[in-house]
Amino acid sequence: MTDALIAITVLWGFVFIYAVMATMDFGAGFWSMIYINREKTKATNIANRYLSPTWEVTNTFIVALVVAVYSLFPTAAYTLGTILLIPGSMILLLLALRSAFLVFSNIASEYRKPLTYISGVTGIIIPGLLISVLPITHGEYLNYETGNAQLDLQQVFTSPNVYTFIVFGISSTLFLSSLLLADYSKVSNEMEAYKVYLRDAKIAGPISLIMAFCIMLTLQREALWLYNKMMEDLPLLWVSVVFFLLGGVGLFAPSFFEKGVRGMPRLAVIAVTVQYLIASYVYGKAHLPYIVYPSVTIDSAFTDPNSFRAVFITYIVGFAILFPGFIYFWSLFMHDKRYLQQKNPQEGAR
Amino acid sequence: MKGKVCRKDVTIMDDLLIARSLFGTTMAFHIIFATIGVGLPLMILIAELMYQKTKDLEYVVMAKRWTKAFAVLLGVGIPTGTIAGVQLSLLWPGFMEVIGRVMPLPFQIEIYAFFVEALFMSIYVYAAERIAPWMRIASLILVALGALASAVLITNVHAFQGTPAGFRYENGQFVDIDPWAAFFNPSFFVTATHVALSAYVTGAFIVASVAAFKMLRNEYGSRIYHFHQKALMISLVVGGIASFLTATNGHTAAQYLHQYQPEKLAAAEGLFETQSHAPLAIGGFTDRETETVKWGIEIPWALSFLAGNSFDTVVVGLNDFPEEWWPPLFVHTLFNAMVLIGSLLIFIAIAGLAWKKFLKKDRFPKWFLWILVTSGPLAIIAIESGWILACSGRQPWVIYRFLSTAQAATTATDLGILFILFAGVYVILGTAVVLVLLYFFRKNTVMDDIDRAEKKNVPLFSTNS
Ligand code: HDD
Ligand code: HEM
Ligand code: HEM
C-alpha cells in the first residue's frame, strides 16, 4: 500500500466512525424531541441518558475529521474549503444552535420543551447536509471558470441525486439511532421505550434501503463513472443487503436469548452496522483515486512524507493513550447498571 | 507564498475585508468561552483540593456550582470552537494548505486534548456520584490538563504564523519540511505561556467578580456572604500570582516582537523613527500625519530598555518598512489597554490580599468590592485586546513575510450574507447563555446546594435540573 492509500484508508475509517456516532447523536436528539410529551414510555429519558454524556465526544470527531483532511491531503483542503464554503457554513450554523440548545435544554428545566424543539429540529437537518458533501465531491456541480473549482449551487439544489443522498442521510440517522436506542432501552430494562424504538426502526429501516436503491439509480444518471465502479463490486453490495435482512431478523423474530421478548436489538445493531460498513467500503473504493472528481486525486493532494510520518506517529500514540479512556467511558455510560437503570432518572445532570 | 500570486490576482478587496471580519468575529466570540474554559477548571480543581484538605463542604458546593457554569459555557465554547476550526479551512484555504503540509502537528495533537477534556468532563459530571473521590480529582485534573493543552496547541499555530520555521520554499516547492521544527518555532513557548497564564488570570477574576457582586448583595456576616468571601480569597491568590507571571512573561513577549516582528512592536508603540534611547509612549492615539502619539505620556528611553534591556538598544520604527507592510496603527491603543489592565489586576489582587491577611480586616469597603466586580470583565477586555493586537498587528501577513492574507483567502464572493448569519447566531447564543446562567443560579441558590451537601446521601452533582 502506498502512503497515500494508507492515509485515505485512515480518513475513510474516521468518516465511518463519525458517521455512526453522528447518526446516534443527532437521532437521539430527534427522538428525545418527538417523545417529549409521552412521559410514560420514558423514550425521551432514554434518549437523553444516552445523549448527555456523549455529544461532546461525538462533536470532537467532526474536528478530528476536518483536521485529518488538511493534514493528510493539504491540496484537497484548498479545493474542499472553497467548494464547501456554503454547505459547510450552513452545517456550522445549525450545529452551533443545536449543541448550545441541547445543553441549555438540560439546564433550564422550565423551558425544556421549546429548547428541545430547537435542538431536535436543527439536529436532524445536519446529517442531511453532511452527507450532501459526498455528491458534491462527485464533481457534477463544479465549474472551473475562474481557474479554481467553484460550486454551482443552483445545480446542487436541482439535482435528484443530491436529494436522494439527503433523504438517505436523514432516514439512516433515524434508523440507526432507533436501533441503538432500542438496544439501550432493553439493557436499561425500559420495555415501554424499547417497544417504541423497535417500531421506529421497523419503519425507518425499509425507507433507508429504498433510498439506497434510489441513490444508485440517480447516480447512474449523474455520476456514471462512480456507478460503474461501484457495480464492479456488486457481490459485496448484495452481501450488504443480506446483512440488512439479518438486521430485520433481529427486529422481528422472537428472541433466542430471552423468553417472551420480541426482537434481538443487539444483533440488529451489529448486523446493520456491518451492512453500512460494507456499503461504504464499496462506495469509498469506487471513489478512488479521486477526492474531488476529476481534479483532485489522493496522490496529487498528498502531504509531505515527513509530515505524514509525524502525523501517523501521533495517531498511534494518541489512540494508545486515549483507548483506556474510551473503555472507561464506555463502561461507565453504556455498561454500568447503576447509570442505565436509574430509578429516578436525573437527566440533565448538568 | 511569494511565488504563488497568480491564484489570487483578482482579489476583490471587499470580500477579503468581510472574510477577515467574519473570522475575527468568530474568534472574538469563541475566545471568551475558550479562555474561561481554560481558567475555570483550575479554580474547580483548587476548590476540590481545598475540600480534601479542610473537609469544609462549602468548597464542594463551590466546585459544583462552578462546574455547572463551566458546563453551560462549554455548550457555547465547543460549537464556536468547531466553527473556528472549520472556518479556518473554509475562509483561508490557502493558509490551511500550508499548515496541513508543514505544521499539522498542533492541530492533530489538539484533537487528543479535546478528547481527553470531553471524556473526563462527562465522567466528572455524570458519573460523579459513582466514582471514588480520587477518581473524581483525577478526572478533574485531566479536564484541566486537556483544556490547557488545547490552548497551548492552538496558540502554537498562532506562534508559527508570527515566527514560521521548519521549511524552505524554493521555486514554487516546499523543501526540507521538518514538522517538529515547525512545532517548536521560536515564539512557541513564550506565546503559549502567555496565553495559558492569561487564561488563569481571567478564570480567577471572573470568579472574583461574581463573588464580589454577591457580597455586595448579601448582608455582611451572613453565611452566603462568607461563602462568597472564601471564593473571593481563592481567586485573589490565583489571580494575583497568575497576573504577576503574565506581566513578566508579557515583557518577554514584547522582546520577542522586537527580535522577530519589529513592525508589530513599532506599531504597538507608535514609533515611526528608528532610534536608540527610544521613548515609551503610554496612552494616546497614534497619528499618521504627524507621525507621533497624540495625548500620550512619554517616558524617555524606556522603550529601548524594554525591548533589549539596555538604553542604547536600537528600536526599529515604522518608517523603515514599506507602508503596505504596516500593521493598522490602532494596535497601539489595544496594547496599552492590555498592559494597563494587567498592571491594574496585579494591584487589585495585592490590595485585596493585604487588606485581609496583613491588616486582618474582615470586611471589604463597598467601593473596593465594586472595583473587584469590574475585574473579570476587564480581564476579558485584556484578552480581546491582546488577540486583536496579535492578529491584526500581523497584517498584511497571515504567515509572517511568507503568505499574505489576501493570497490565503477563499476565492468565493458574496460573503456578506454569511457574516450576517454568523453574527446573528453569536448574538442568539450570547444572549441565551447569559439568560440560562442567570435562570439556573437564581433557581438553585447557594443555600439550596449547601443544604443538599449537608444532608448525607443526597447526590449533589446530579440534583439540580
Ligand atoms: C488577561 C489577559 C492579559 C494580560 C493581563 C496581559 N496580556 Fe498580553 N496578551 C494576552 C493577554 C493578556 C493574550 C490575549 O493572550 C495575547 C494575544 C496573543 C497572545 O499570544 O496572547 C497577548 C499578547 C501579547 C503580546 C503580543 C504577542 C504577539 O503579538 O505575538 C505582547 C507583546 C503582550 N501580550 C505583552 C503583555 C504585557 C507586557 C502585559 C503586561 C501586563 C500583558 N501582555 C498582559
Ligand atoms: C482567540 C482569539 C483570537 C482573536 C480574537 C483573533 C482575532 C482575529 C482578527 C480580528 C483577525 C482579523 C485580522 C485583521 O484582518 O485585521 C484574525 C485573523 C486571523 N487569525 Fe486570529 N484571533 C484569535 C486567535 C487566533 C489563533 C489562535 C489563530 C491560529 C490558529 C488565529 C489565526 C488567524 C488567521 C489565520 C487569521 C486570518 C488571516 C489574517 O487576517 O491574518 N487567530 N484573528
Ligand atoms: C488561544 C485561543 C484559543 C483557546 C484558549 C482555545 C481553547 C479552547 C477550549 C478550552 C475549548 C473547549 C474544548 C473542549 O471542551 O472540548 C475549545 C474548543 C474548540 N476550539 Fe478553541 N481555543 C482557542 C482558539 C481556537 C482557534 C483559533 C481554533 C480554530 C482553529 C479553535 C478551535 C476549537 C475547536 C475546533 C473546538 C471544539 C473542540 C471540540 O469539538 O471538542 N480554537 N477551544
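Starting from 1, residues in each chain are numbered consecutively following that chain's sequence as written. Chains carry letters from A onward and ligands carry numbers from 1 onward, assigned in written order. Under the rules for a predicted model, residues below a pLDDT of 70 receive no local features and side-chain atom pairs below 80 are neither given nor counted, while totals for whole chains, interfaces and linings still include all residues. As a rule here, side-chain values come from all non-hydrogen atoms in the structure, and water together with hydrogens is ignored.

Short version of the rule: UniProt positions are given in the numbering used here, feature names are shortened, and annotations may be inferred rather than shown by experiment.
The name that an unreviewed UniProt entry assigns to chain B is Cytochrome bd-I ubiquinol oxidase subunit 1 apoprotein, with the source organism given as Mesobacillus persicus. Its UniProt record, at the heading Sequence similarities (unreviewed entry), says of chain B: "Belongs to the cytochrome ubiquinol oxidase subunit 1 family." In its Subcellular location (unreviewed entry) section, the UniProt entry covering chain B states "Cell membrane".

Where an unreviewed UniProt entry is consulted, chain A appears under the name Cytochrome bd-I ubiquinol oxidase subunit 2 apoprotein, with the organism given as Mesobacillus persicus. Quoted straight from UniProt, the Subcellular location (unreviewed entry) entry for chain A says "Cell membrane". Of the comments in the UniProt record for chain A, the one headed Sequence similarities (unreviewed entry) reads "Belongs to the cytochrome ubiquinol oxidase subunit 2 family."

### Examining empty space enclosed by the protein
Residue and element names in this part refer to chain A. For clarity, the cut-off: Only protein atoms enter the 1 Å grid used here, on which a cavity is any set of points holding a 1.4 Å probe that cannot leave and a pocket is any open set flanked by protein within 12 Å on both sides along at least five of seven lines; residues with an atom within 4 Å of a point are listed as lining. Grid points are joined across faces, edges and corners, and a volume is the space filled by probe spheres set on the points. Comment: elements are numbered from the N terminus, with helices defined as DSSP H or I runs of at least four residues and strands as E runs of at least two. The nonpolar class holds Ala, Val, Leu, Ile, Met, Phe, Trp, Tyr, Cys and Pro. Asp, Glu, Lys and Arg form the charged class, and all remaining residues, Gly among them, are polar.
Using the criterion set out here, one finds 5 cavities of 30 Å³ or more in the structure. Roughly 80 Å³ of volume is contained in the largest cavity. In terms of lining residues, the largest cavity is bounded by Ser-32, Ile-36, Thr-44, Asn-48, Leu-51, Ser-52, Leu-102, Ser-105, Asn-106, Arg-112, Thr-116 and Ser-119. Those elements that place two or more of their residues in the lining of the largest cavity are α2 (43-72), α4 (85-107) and α5 (112-131). Top contributing element to the lining of the largest cavity by residue count: α2, with 4 residues. Within the lining of the largest cavity, the residues separate by chemical class into 3 nonpolar, 8 polar and 1 charged.

### Observations regarding the site of ligand 1
All names here are of chain B. Here is the rule we go by: Near, as used in this document, describes a residue that has one of its heavy atoms within 4 Å of the molecule or strand being considered. Any pair of nitrogen or oxygen atoms within 3.5 Å is treated as a polar contact; in protein, a donor-acceptor pairing is required on top of that, and neighbouring residues in sequence qualify only through side-chain atoms on both sides.
Near ligand 1 there are 24 residues, and of these Thr-191, His-194, Lys-264, Met-338 and Ile-383 occur at the shortest range. His-194 places a side-chain nitrogen or oxygen 2.8 Å from a nitrogen atom of ligand 1. A distance of 2.7 Å separates an oxygen atom of ligand 1 from a polar side-chain atom of Lys-264. Mapped onto the shell around ligand 1, the elements with two or more residues apiece are α7 (188-217), α8 (223-260), α11 (331-358) and α12 (366-392). Split by residue class, the shell around ligand 1 holds 14 nonpolar, 9 polar and 1 charged.

### Observations concerning the interface of chain B and chain A
Note the following rule: Whether two residues are in contact is decided by their heavy atoms, any of which lying within 4.5 Å being enough. Buried surface area refers to the total accessible area, computed with a probe of radius 1.4 Å, that the two partners give up upon joining, counted for both partners together. Put simply, a salt bridge is a Lys or Arg side-chain nitrogen that is within 4 Å of an Asp or Glu carboxyl oxygen.
Counting from both sides, the interface comprises 70 residues of chain B and, opposite them, 70 residues of chain A. Overall, the association of chain B and chain A removes approximately 6,400 Å² of surface from exposure, summing both partners, and the carbon and sulfur fraction of that is 72%. Its largest share of buried area at the contact with chain A, chain B owes to Phe-115, Tyr-126 and Arg-130 of chain B, together 13% of the area lost on that side. Where chain B meets chain A, there are 0 salt bridges. Counting only elements with at least two residues in the side of chain B that touches chain A, the list comes to α2 (57-91), α3 (93-102), α4 (105-126), α6 (179-183) and α14 (416-443) of chain B. When residues in the side of chain B that touches chain A are grouped by element, the largest group, 17 residues, is from α4 of chain B. Tallied by class, residues from the side of chain B that touches chain A come to 50 nonpolar, 14 polar and 6 charged.

### Digging into the coordination of the iron atom of ligand 2
Going by this rule: Only nitrogen, oxygen and sulfur atoms qualify as donors, provided they sit within 2.8 Å of the metal or within 3.2 Å for Na, K and Ca; with water excluded from the atoms, sites may seem incomplete.
The protein supplies the iron atom of ligand 2 with one donor atom, Cys-391 of chain B (SG), which lies at 2.3 Å. Structurally, Cys-391 of chain B is set in helix α12.

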